[in-house]
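# Commentary on secondary and tertiary structure
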Amino acid sequence: MTTSHPAVTDPSVDHALQLIVTGESTGSSCAPELADGPWLLDAPTVAPGYGPGASQADPLPLATPRQQVLPETYRTATETELHERIRAAKETLGEKVVILGHFYQRDEVVQHADFVGDSFQLARAAKGRPEAEAIVFCGVHFMAETADLLSTDEQAVILPNLAAGCSMADMADLDSVEDCWEQLEEIYGTDPDDQGRAPVIPVTYMNSSAALKGFVGRHGGIVCTSSNAAAVLEWAFERGQRVLFFPDQHLGRNTAKAMGIPLEQMPLWNPNRALGGNTREELEDAKVLLWHGFCSVHKRFTVEQIDKARREYPDVHVVVHPESPMPVVDAADSSGSTDFIVKAIQAAPAGSTFAIGTEINLVQRLAAQYPQHTIFCLDPVICPCSTMYRIHPSYLAWVLEELVDGRVVNQISVSSDVADPARVALERMLAVVPTQSAAQSAVTQGATK
Ligand code: 13P
Ligand code: SF4
């Protein structure tokens, strides 16, 4: 049988992109500019945007931070030179610095990370290294903010490229959420029911600004990640009659559906419309109100891609991230956080085949790390998360060498009025212990159907 997925031996998405651009590979990319250095997007004259990659078409909020122009020495250095400079700076800094890297980072960055993980694990890792003076966070803005919230006051959290945001996190801002909350208070009131449950508990996905984490902290709510969303929703339902879940509608819907909540009781809240685009009756009956946010990387996965993978590889195991749309999660064999996906592959017997619905950097790395399996991305087009891809080794070398010279650049620091309630919401999440039924719901999502 002929298949369209050759074995991947080089984990670098950047190398794959360079080959596509020079015509040496027949692969395709959603944006050839991805092969350029991301510093081309930093110049003050360039229109602000997320840059090439999966979220380039999403609208960028006006107040988004801009990255200063990177000194020329970092823009022109070769890959080998950059790796040597990063290694040398790390050696000089020793225990004073810890580098955290999300699974979606470029391989050229991941190889220098002291700890690589999903957003939940990285939050824990930020808390677990109080002796490091600086935490260099190779991920996106909300993750660096979370690290600042959980680390000590003496530690500096550094995001190597300030333009590394998250388009999904940017889909919910404090003003729109407060406006929504006022409308909900008007409908549901503010008094608890006879079992002491509040009318609504706000739950924010980790992929949100510190301001929103502060909002949920102030309103009796909690943060969740894709690895604990079911347990967190259970926590919320013990304390509230319904949940306002933002910003990712898909994670909210997929998780609540797996817990048995009917779709009719999960209205979508569109912040640009009165009552979120719902009638009063629809809202009165709601159990989970889903904010109109989504991830442009995971939106690319389709049921047609899954059908094609199954035709080509009848034994394929399809595993997707729960930020994928519901029909995709339903058609997959399992779904879970990035760490869930990594563990599923680690645990599989040699010779397994996996079609994966998550960001390409992780998929390509897994394919290279586990040559005993056949592993490929559901999306045949190379289209990384635009913002994760803005962290290039050039920026990592720059922030580390600045640290060696005693300067902290690109520090992410959350003001104490926001930090205090945001920390409360994060600590509530870290204290959640999955109940049997939440664990069961997660297992059901993860089981081979
Ligand atoms: P994880 O929590 O699974 O690491 O996902 C974070 C993310 O941004 C996925 O798009
Ligand atoms: Fe945000 Fe999606 Fe990128 Fe994750 S993959 S950081 S949710 S845009």
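Along each chain, numbering runs from 1 in the same order as the chain's sequence is written. All chains are assigned letters beginning with A, and all ligands numbers beginning with 1, in the order in which they are written. Totals for whole chains, interfaces and linings use all residues, but because this is a predicted model, local features are given only for residues with pLDDT of at least 70 and pairs of side-chain atoms are given and counted only at 80 or more.

Within an unreviewed UniProt entry, the label attached to the chain reads Quinolinate synthase, and the organism entered is Corynebacterium efficiens. Quoted straight from UniProt, the Pathway (unreviewed entry) entry for the chain says "Cofactor biosynthesis; NAD(+) biosynthesis; quinolinate from iminoaspartate: step 1/1." Taken directly from UniProt, the Function (unreviewed entry) text for the chain runs: "Catalyzes the condensation of iminoaspartate with dihydroxyacetone phosphate to form quinolinate." UniProt positions are given in the numbering used here, feature names are shortened, and annotations may be inferred rather than shown by experiment.

## Points about the overall build of the chain
When helices and strands are tallied, the chain shows 18 helices and 15 strands. As defined in this context, the radius of gyration uses C-alpha atoms, and a globule is described by 2.2 Å times the residue total to the power 0.38. Whereas a compact globule of 449 residues would reach a radius of gyration of roughly 22 Å, the chain reaches 22 Å, a difference of no more than 12%. Each principal axis of the C-alpha atoms in the chain carries an extent, and together these give about 65 × 60 × 40 Å. For the chain, buried positions account for 52% of its 449 residues. Across the chain, contacts joining residues at least 24 apart in sequence account for 70% of those joining residues at least 6 apart. Strands here are runs of E lasting at least two residues and helices are runs of H or I lasting at least four, both read from the DSSP assignment and numbered beginning at the N terminus. Put plainly, a residue is buried at 20 or more neighbouring C-beta atoms within 10 Å of its own, exposed at 12 or fewer, and partly exposed in between, counting only other residues' C-beta atoms, which are placed from the backbone. With C-beta atoms placed from the backbone, a contact is any residue pair whose C-beta atoms sit within 7 Å.

## Considering unusual backbone geometry
Residue Pro-247 is bonded to the preceding Phe-246 through a cis peptide linkage, with omega at -10°. Located in the positive-phi region is Leu-275, a residue other than glycine, with phi close to 50°. Positionally, Leu-275 belongs in the loop between β9 (268-269) and α11 (280-284). One non-glycine residue, Asn-410, lies in the positive phi region at around 55°. Looking at where Asn-410 falls in the secondary structure, it is placed in the loop between α16 (393-404) and α17 (416-431).

## Side note on the UniProt feature "binding site: [4Fe-4S] cluster" (unreviewed entry) in the chain
When the UniProt feature table is mapped onto this chain, "binding site: [4Fe-4S] cluster" (unreviewed entry) is found at Cys-166, Cys-295 and Cys-385. Their sequence span is 220 residues, while the largest C-alpha to C-alpha distance among them is just 9.2 Å; these annotated residues converge on one region. Of the residues examined, Cys-166 has 27 C-beta atoms within 10 Å and is grouped as buried. Not counting chain neighbours up to four residues away, the residues in contact with Cys-166 comprise Val-140, His-141, Phe-142, Asn-207 and Thr-387. Position of Cys-385 among the secondary structure elements: in the loop between β15 (381-382) and α16. Judged by the 27 C-beta atoms lying within 10 Å of it, Cys-385 is buried. Not counting chain neighbours up to four residues away, the residues in contact with Cys-385 comprise Gly-53, Ala-54, Ser-55, Tyr-104, Val-297 and Glu-359.

## Let's talk about the UniProt feature "binding site: iminosuccinate" (unreviewed entry) in the chain
Per the UniProt record, the feature "binding site: iminosuccinate" (unreviewed entry) sits at His-102, Ser-119, Tyr-205, Met-206, Asn-207, Ser-226, His-321, Pro-322, Glu-323 and Thr-338. The topology assignment puts Pro-322 in the loop between β11 (317-320) and α13 (326-331). Here Pro-322 falls in the buried class, since 29 other C-beta atoms lie within 10 Å of it. Contact partners of Pro-322, with chain neighbours within four places excluded, come to Ser-226, His-250, Leu-251, Asn-254, Thr-255, Val-329, Ser-335 and Gly-336. Mapping Thr-338 onto the fold places it in helix α14 (residues 338-347). Judged by local crowding, Thr-338 falls into the buried class, with 23 C-beta atoms found within 10 Å. If sequence neighbours within four positions are ignored, Thr-338 has contacts with Phe-103, Asp-118, His-321, Thr-358 and Leu-362.

## Describing the sheet that holds strand β3 (residues 115-117)
In this scheme, strands are said to pair when DSSP sees at least two bridges between them. Strand order in the open sheet made by the four strands is β3-β2-β4-β5, with parallel pairing throughout. Each of the sheet's edge strands pairs with one partner strand only, and the pair in question is β3 and β5 (156-158). Going from strand to strand, the sheet's axes swing by 20° on average, the running direction of each strand aside. Fitting a line to C-alpha atoms yields each axis, with helices limited to the stretch in contact; the angle taken between N-to-C directions then spans 0 to 180 degrees. Packed on one face of the sheet, helix α5 (residues 119-127) meets β2 (97-102), β3 and β4 (134-138) and runs near 170° to β2.

## Overview of helix α15 (residues 360-369)
Three or four residues apart is the spacing at which side chains of an α-helix point the same way, because the helix has 3.6 residues per turn. In terms of burial, α15 is a largely internal element, eight of the ten residues being buried. Turning to α15, its buried residues are Ile-360, Asn-361, Leu-362, Val-363, Gln-364, Arg-365, Leu-366 and Ala-367.

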